[in-house]
There are 2 protein chains.
Amino acid sequence: MGWTTSLRFGCETDCKTYPRDCISENLVRRIADRMKNDGWVELGYNHLVLDDCWSAKKRDPRTQRLELDPERFPGGIESLQNYLKNRGIHLGLSLNYGTVTCRNYPGSLQHLEQDAHRLANWGVEYIKLDSCFSPPDQLELGSEMFANYLKDTHRPVVFGCTYPAYINWTSDYNLLDWDKLVQVCDSWRWSPPTDGSWRAVRDTLNLYKRHVYQLQLAAYEKHWNDFDALALGNYGLSDDQKRVQMGMWCMHGSPLMISADFDTLDPVSKELLRNKNLIAINQDDLNYPSVPVTRTGENIQFWIRQLKSIPSTVGALTIINMNSGGITVSFAFSMRTVFSVLPHAPSGYSKLIDAFTGTEFAVVSNHQKVTVPVNPNGIVLYLIQPVLNGTRENCH
Amino acid sequence: MGWTTSLRFGCETDCKTYPRDCISENLVRRIADRMKNDGWVELGYNHLVLDDCWSAKKRDPRTQRLELDPERFPGGIESLQNYLKNRGIHLGLSLNYGTVTCRNYPGSLQHLEQDAHRLANWGVEYIKLDSCFSPPDQLELGSEMFANYLKDTHRPVVFGCTYPAYINWTSDYNLLDWDKLVQVCDSWRWSPPTDGSWRAVRDTLNLYKRHVYQLQLAAYEKHWNDFDALALGNYGLSDDQKRVQMGMWCMHGSPLMISADFDTLDPVSKELLRNKNLIAINQDDLNYPSVPVTRTGENIQFWIRQLKSIPSTVGALTIINMNSGGITVSFAFSMRTVFSVLPHAPSGYSKLIDAFTGTEFAVVSNHQKVTVPVNPNGIVLYLIQPVLNGTRENCH
C-alpha cells in the first residue's frame, strides 16, 4: 500500500510551469507531509514510489551510476530519505529493463547489478522493474537476474515485476514460467499497461475473471497480482466506478497504490481509500482469493471471498454490474451459494453489512434468496457476519 | 430538447420486476410530471421520446397497424397524449427501417406509409427512424420515402434520421448524399451508435473534429448534427466528463436529449442540464458552428463559437483535455486567435465569463495571451463579453 507518481504525475518534469506537480523533492515532501499528517501512513499507505523520470537524464559519466536529477532533487537521496523515514514512509523507485525507461530516462539493461546495488544502498525499499522497449523473450531472464542481484545486497527490498504485462500470456499460459514468477517477484503487473480510465478498470477486471484460475495459482503467501495504480482521486471515474475499482482491488488483494494529489482529493475517493472495511478485506491475513460464481457473465460478476481478519466476519460477497447504460438491475442470489464457499453460521442466520457504509443491509437465513440493486458501472459489497445467538432479528 | 428512454430505460419491459422503470404509461407519467413540475419544460426540454419497445409485439392482425403495447399502455394513445399536452410536452416515438426494430419489435420496412400516417394521426411531433437490421444501401431511400409520407400528412413532425450513423461515410464522403440528407431530415445521428460511456463521448467528439467541415456544411437553419442522447444523470461519467459532454453538445449545437431518471438525478448533472448559459449557447439564434482552432491535436481541443442570443456576448471559447490521466494542464492561447473568428470589442478588452459558474474568470485585452487550467477529461468554457466602456477593470 502506498502512493505512486504514475497515473497522476507521470513524467512531468517542467518545474517552471508546474512547480507543484513536477517530479521533484518538493512534490515528495508535499505528498509525504499529507501521507503522515492526514493519517494515510497509519492506515497502511506507507510506500511512496517515484515511477519514472526521477533520475538525471544521463548516468554519471565516470561511474555510470544512476543519480537523482540534481535540479529537481537538489538535496540528494540522503535528505530525501530522512524526510521520508521521519514520517514512517518507505521510498520506492522504478527502473526499466531496457536501454532507456518508458519515458526516455537511463535504462538498466546493461546495468542491472549496478542499479540493484545502487538503489539498495540508497535504502530504497520497493523497486519496480518496468519493461518498456525490451525484447519480450528476455524479460523473464532480466527480472530474474535483477532479483538475484537484489538478494545479494541482503536488503529488505520488495520487488515489483512488470514483465507479465508485456508478454501475451493470455493467449498461451506457457509463455510465462509461473513458478519462476513466484520465485523472482513479490508482486507482478499481469494486465496490459493502463491509463486509469474506466475502460481500463473494466477491461482489467474482465481479463482477470477470464484468467482467474491461472492468476490465483501464483498469488499466495506474500505474492500479489498487481492490478496497477488506483485511479481514484483523479478526474476520470464516476462515483460508482470509484467504488468498483476500490472494492474489487480489495476483493482481489491487489496492492493499493494511490496516484492522486492529496491536496485536491475528492470526498468520495477519500472516503473509499480510507474505508477500514475495504482495507481490511485487501489486507486479510488469510489471503484467500475471491471465488467467482461462474454462472454470471462478464457484465454481471459475483465474487465471494473468505476472510478472517475482520471481527465476526467469515467473508465478503460482491456483485458488480459492468453495463455502461441502463437501469439499476435487481440481482438475485442464494445464500446457499455463498455458504458453499464460506464457513456456515451455526444459527442459520447471517448479517450482510454494507462494506462501503458499515450499515446493516439485511439479516438473512443461510438458504435464503437475496435480491440486491446494482447500478450500471456499480457494485455492492457485503461483509458476511454469522448471527451467533441464533435469533432472527430482521429478515430482508 | 427533451427526454428519451434510450440510454437509461432501453428496452426494459419487465414491469413486474421493474414497475418504476419499465417502458410504460406509468413511466411516461412519472417523467412528464417531473418535466413539468421541476421546470424542465420551461427550460426547453419539451419532448418526451419513447425510443423503442413501446409498441405491441405484433401489428394488429387485421389492419396491420402499430399499436401501443396494451398491457404497458392500458390507457392508449389518447390518454397518453392528453397527459403530455396538459404539461406542454410533445410526444416523440421511434420507428425502425427494418423488418423488426433494434430490440425486436415490429419494424416499418413494408409499412412506411402506414406508420407515417399512424404516428402523425396520433399527434406525434417527433419521429426517429432507426436503422437496425437494414441494408445500408437502402437506408437513404427508405428515409426519403418516409419523409415524403410524413410530409403528405401536413402535420408538423420533426424527423430525426439515423442512417448516417449506419453508413461508413467517414471512409468516403460520397457514400452519403449530403444534399438529400438536409432535404429529408431535420436532424441526423451521424456517429456510430453509442452506449453513453465516456469512451463513446470522447470518440464522438474526436470523430466530429476529424470530419467537422463536412458535418458543418450540412447543419444550418434548423438542421442539426445529432450527437445522441446525453449520458449525464446516469452512472458512467465523472463530474469533469459530465461538464465536457454538456459543454460540447452545446457548443456543437446538438439536440439535447436527457436520458436519466429525474427522481435520482445527481446534483452536478442537474445543475449542468439546467445551466442557462449552456442552453443558450446550444439554442443560439445565429446557429453558427463552432470553429476548431486546428493547431491543437485530438487530446487538447480548442473551439470558438460566435453567438448572438446571450446579452453582451459575442461568442464562447472552449478547451477540452481528452487525456485520461495526468495533471491539470496549463493551456495558453492568444485572444488574437479568438478575435480572428469573433467581432472585436471596440474598447480592446473583453471579459471571460465561466459559462459553468457564471463568474468572471478574467478581463483580457484583445491581443493578450491567456493561460487556463484544464483537467484531464475536463473542459473550460468561457463566454466572451466585450467591455464596452473601455476601462480595464482587472487583467488576468
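Predicted, not measured: the structure shown is a model, and the values here were computed from it.

Novice: How would you sum up the relation of the copies chain B and chain A? Please name residues and give values.
Specialist: Structural alignment of chain B on chain A gives an RMSD of 0.0 Å, achieved by rotating through 180° and translating 0.0 Å along the axis. Within this description, the copies of the chain are treated as partners about a two-fold rotation axis. Measuring from the rotation axis to each C-alpha of chain B, the shortest distance belongs to B:S238, at 1.9 Å. Both copies share a contact surface, since 100% of the interface residues of chain B are interface residues in chain A too.

Novice: Pulling in residues and values, what's your account of the sheet that holds strand β14 (residues 360-365) of chain B?
Specialist: Whenever strands of a sheet pair, they do so through backbone hydrogen bonds, lying parallel or antiparallel. Residues and elements named next belong to chain B. Strand order in the open sheet made by the six strands is β9-β10-β11-β16-β13-β14, with antiparallel pairing throughout. Of all strands in the sheet, those with a lone pairing partner are β9 (291-292) and β14, marking the two edges. Where strand β10 (residues 300-306) lies against strand β11 (residues 315-321), seven bridges are found, and the strand directions are antiparallel. Paired with Q306 across the two strands is G315, which belongs to β11. Sitting on the sheet, helix α8 (residues 198-210) touches β9, β10 and β11, and the angle it makes with β10 is about 65°. Together, β10, β11 and β16 (378-386) form the strand contacts of helix α10 (residues 239-251), whose direction differs from that of β16 by roughly 45°.

Novice: Would you mind going over the domain arrangement of chain A in detail, with residue names and values included?
Specialist: Residue and element names in this part refer to chain A. Taken domain by domain, chain A holds domain 1 (2-283) and domain 2 (291-387). Spacing between the C-alpha centres of domain 1 and domain 2 amounts to 31 Å. With 27 residues of domain 1 at the contact, the number on the domain 2 side is 27 residues. For the pair domain 1 and domain 2, the summed buried surface comes to about 2,300 Å²; carbon and sulfur atoms form 64% of the total. By the criterion of area lost to domain 2, the three top residues of domain 1 are K209, M251 and I281, representing 29% of everything that side buries. At the boundary of domain 1 and domain 2, one finds zero salt bridges. At the surface where domain 1 touches domain 2, the tally comes to ten residue pairs in polar contact (both at pLDDT 80 or more).

Novice: Could you give an account of α10(B), with specific residues and numbers?
Specialist: Residues and elements named next belong to chain B. Here α10 contains 13 residues, and its C-alpha end-to-end distance of 18 Å stays within 8% of the 18 Å for a straight helix at 1.5 Å per residue. Burial analysis of α10 places eleven of its 13 residues in the buried class, which makes it a mostly covered element. Considered for burial, the residues of α10 that qualify are D240, Q241, K242, V244, Q245, M246, G247, M248, W249, C250 and M251. Where the residues of α10 are buried, they touch α8, α11 (267-273), α12 (276-282), β10, β11 and β16. G253 sits one or two positions beyond α10 and adopts a positive phi of about 65°.

Novice: Let's hear about the interface of chain B and chain A: which residues, and what values?
Specialist: Contact with chain B, which involves 27 residues of that partner, is made by 27 residues of chain A. Carbon and sulfur atoms supply 48% of the area that chain B and chain A bury against each other, a total of about 2,100 Å² over both sides. Linking chain B with chain A are zero salt bridges, by the criterion used here. Our count for the chain B to chain A interface comes out at 14 residue pairs in polar contact (both at pLDDT 80 or more). Breaking the side of chain B that touches chain A down by element, the ones donating at least two residues are α1 (6-9), α8, α10 and β12 (329-334) of chain B. Counting residues per element, the side of chain B that touches chain A draws most heavily on α1(B), at three residues.

Novice: Can you tell me about the packing of helix α5 (residues 112-121) of chain B against helix α6 (residues 136-152) of chain B, naming the residues and giving the values?
Specialist: Residue and element names in this part refer to chain B. Between α5 and α6, the shortest axis-to-axis distance is 9 Å and the interhelical angle comes to 45°. Judged by the angle between their axes, α5 and α6 are oblique. For α5 against α6, the interelement crossing comes out right-handed. The residues of α6 that touch α5, namely those facing L112, E113, D115, A116 and H117, are G142, M145, F146, Y149 and L150. When grouped by side-chain class, the residues that make up the contact of α5 with α6 number six nonpolar, two polar and two charged.

Novice: Can you tell me about the pairing of strand β13 (residues 349-354) of chain A, naming the residues and giving the values?
Specialist: Residues and elements named next belong to chain A. Taking burial as the measure, the six residues of β13 include five buried ones, the bulk of the element. Across five bridges, β13 lies against strand β14 (residues 360-365) in antiparallel orientation. The partner of L352 across the bridge, within β14, is A362. Taken together, β13 and the strand that follows it, β14, pair antiparallel across an intervening segment of five residues, in which G358 is found at a positive phi of about 80°. Bridge count for β13 against strand β16 (residues 378-386) is five bridges, and the pairing is antiparallel. In the sheet register, K351 faces β16, and the bridge partner there is Q385.

Rules and cut-offs
- Residues numbered from 1 in each chain as written.
- Chains lettered and ligands numbered in written order.
- Predicted model: local features only at pLDDT ≥ 70, side-chain atom pairs only at ≥ 80, totals over all residues.
- Heavy atoms only, no water.
- Least-squares fit on C-alpha atoms with pLDDT ≥ 70 in both.
- Contact = heavy atoms within 4.5 Å.
- Pairing = 2+ DSSP bridges.
- Helix = DSSP H or I, 4+ residues; strand = E, 2+ residues; numbered from the N terminus.
- Axes fitted to C-alpha atoms, helices over the stretch in contact; angles between N-to-C directions.
- Domains from an automatic or database assignment.
- Buried area = accessible area lost by both parts, 1.4 Å probe.
- Salt bridge = Lys/Arg side-chain N within 4 Å of Asp/Glu carboxyl O.
- Polar contact = N/O pair within 3.5 Å; in protein donor to acceptor, adjacent residues only side chain to side chain.
- Expected span 1.5 Å × (residues − 1).
- Buried < 20%, exposed > 50% of the residue type's maximum accessible area, 1.4 Å probe, protein only.
- Parallel < 35°, antiparallel > 145°, perpendicular 65-115°, else oblique.
- Left-handed = near helix turned anticlockwise from the far one by under 90°.
- Nonpolar A, V, L, I, M, F, W, Y, C, P; charged D, E, K, R; others polar.

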